[in-house]
Amino acid sequence: MVNLDRLTVNYLNKIGKELNITFKSSSKKADKIKTILNAGISNSKLEELFNKYLSQYQNSRRKPKTTKKKPVQVSAKLEERINLLEEQVKFLMSKIDNFEVYLAKDRSSKLVGGGYNITDVQLIIKSKVFPGDSISIDEIMNLKKLKKYPKNLIEKAIIDLIDDEIFDGSDGRSIQKIHGNIARLIRR
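All residue numbers refer to position in the chain's written sequence, counted from 1. Local features are withheld for residues below a pLDDT of 70 in this predicted model, meaning they are given only at 70 or higher, and side-chain atom pairs are given and counted only at 80 or more; totals for whole chains, interfaces and linings count all residues. The side-chain numbers reported here are obtained from all heavy atoms of the structure, hydrogens and water having been left aside.

**Digging into the sheet that holds strand 5 (residues 184–187)**
Overall, antiparallel pairing links the three strands, which are arranged 3-5-4 in an open sheet. Edge positions in the sheet fall to strand 3 (134–136) and strand 4 (167–170), since each has one partner strand and no second. Each strand axis lies, on average, 25° off the axis of its neighbour in the sheet, ignoring direction. The sheet contact formed by strand 3 and strand 5 spans three bridges and is antiparallel. What sits directly across from Ser136, in strand 5, is Arg184. Only when DSSP finds a minimum of two bridges between them are two strands counted as paired. Under the DSSP-based scheme used, a helix requires at least four consecutive residues in state H or I and a strand at least two consecutive residues in state E, with every element numbered from the N terminus. A fitted line through C-alpha atoms represents every axis, and for helices the fit uses only the stretch in contact; the resulting angles, taken between N-to-C directions, go from 0 to 180 degrees.

So this is what it looks like as structure tokens:
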């Protein structure tokens, strides 16, 4: 008895074609094997076809694979230039980090007109919106705790919260909008 399961679907299709067997388009491998075995073909004919296609299948698997390309050798001069670029990038990144720290300190210590601290406004907004929740600009402007702060300070605090990636700004239903398109804040 032959083990047709050792052949792929393509070779089963070839056997079916030689034996004038048509398979349904939705037939799986097991269905095709059953159809071939139930077709009433003599064991000798089926074994002959099986051996023919098994040898083709095995030969196709033994074909030499394409060799991998060898990595290109990098010249010493190019490697030196790469190292120099890496050092320059590290230097620039450290400068950017220092500048961001300076800006963060500067931003948090700024008292905006009238002696108001922008971080107080940010804390009030953050305390009202939990991660994953959202709030409209109208709702923010109507918070009782924010009534004593000027509107431009609240807007600046919202923009800073978006820039600091604490909130995401999105469009939505709100009468008041910031920059003409931010109507809702979504807490990250």
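**What to know about helix 3 (residues 43–61)**
Expected span of a helix, by definition, is 1.5 Å for each gap between consecutive residues, and there is one gap fewer than residues. For helix 3, with 19 residues, the first-to-last C-alpha span of 26 Å sits near the 27 Å given by 1.5 Å per residue. Among the residues making up helix 3, those that are buried are Leu46, Leu49, Phe50, Tyr53, Leu54 and Tyr57. Viewed end-on, helix 3 has its buried residues packed into an arc of 130°, placing them on one side of the element. For helix 3, exposure combined with an orientation more than 90 degrees from the buried face picks out Ser44 and Glu48. Residue contacts follow a heavy-atom distance rule, with two residues in contact if any of their heavy atoms lie within 4.5 Å. At its buried positions, helix 3 is contacted by helix 1 (9–18) and helix 2 (29–37). Burial status follows relative accessibility: with a 1.4 Å probe on protein chains alone, a residue under 20% of its type maximum counts as buried, one over 50% as exposed, and anything between as partly exposed. Here the arc refers to the directions that run from the helix axis out to each C-beta atom.

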